[in-house]
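Fold and geometry: a report
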Amino acid sequence: LHRQAEQTCRQLVRTQEEHECLLQAAVEQAEGLEHSLRSAEAVLAERVAQLKAAQAQLSRSKLLIEELREENRGFAMALQAAELKQKSTEEKNQLLEEQASALKQLIRRITPLSLSG
């Protein structure tokens, strides 16, 4: 009975040592996982910061594009007004050239009459 008790005690000690080894391995694995988790969180935080910066840049770009569109609309309207003014000026110029031509013809007709008289 005494031997059986010693054998049972040794077996319990071995089992306890095995459990302690398993517990130590589980603790080390948990520490490794915790370290991996912290690393992943750091990478994610950095990525979030990058994405926020990219989003802010995108927002600034959108505003700039909208400002450029407004400016472009203004230029288009100014160009249209300038084209209308140029067309009007060309029409007035054509009219003045016709009037000048008519005056030249009138002067040619008057000049020989005044010279002969």
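Each chain carries its own residue numbering, running from 1 in the written order of its sequence. Only residues with pLDDT of at least 70 get local features here, since the model is predicted, and only at 80 or more are side-chain atom pairs given and counted; chain-wide, interface and lining totals rely on the full set of residues. Excluding hydrogens and water, the side-chain figures rest on all heavy atoms present in the structure.

To continue, consider the overall build of the protein. For the purposes of this entry, the term helix denotes a DSSP run of H or I that reaches at least four residues, the term strand denotes a run of E that reaches at least two, and both are numbered from the N terminus. Along its length, the protein carries one helix and zero strands. What the globule rule says is 2.2 Å times the number of residues to the power 0.38, and the radius of gyration is computed from C-alpha atoms. At 49 Å, the protein has a C-alpha radius of gyration far larger than the 13 Å of a compact globule built from 117 residues. Considering only C-alpha atoms, the protein reaches an extent of 170 × 15 × 15 Å along its principal axes. A total of 117 residues make up the protein; the buried ones form 0% of that total. Each accessible area is a Shrake-Rupley result for a 1.4 Å probe, and residues are judged covered by the shown protein chains and nothing else. For the protein, the accessible area works out to roughly 11100 Å², and carbon and sulfur atoms hold 60% of it. Side chains of the protein give 16 positive and 18 negative charges; the mean places of these two sets differ by 12 Å. Only protein chains enter the calculation, and the probe is 1.4 Å; a residue is then buried if its accessible area is under 20% of its type maximum, exposed if over 50%, and partly exposed in between. Charge counting treats Lys and Arg as positive and Asp and Glu as negative, with His and both chain ends excluded. Think of each charge as sitting on NZ of Lys, CZ of Arg, CG of Asp or CD of Glu.

Moving on: the environment of Val43. Along the polypeptide, Val43 turns up in helix H1 (residues 2-116). On the accessibility criterion, Val43 (54% relative accessible area) is exposed.

In the numbering adopted here, UniProt assigns the feature "coiled-coil region" (unreviewed entry) to residues 23-106. Taken end to end, residues 23-106 is 100% helix and 0% strand, and its two terminal C-alpha atoms sit 121 Å from one another. UniProt positions are given in the numbering used here, feature names are shortened, and annotations may be inferred rather than shown by experiment.

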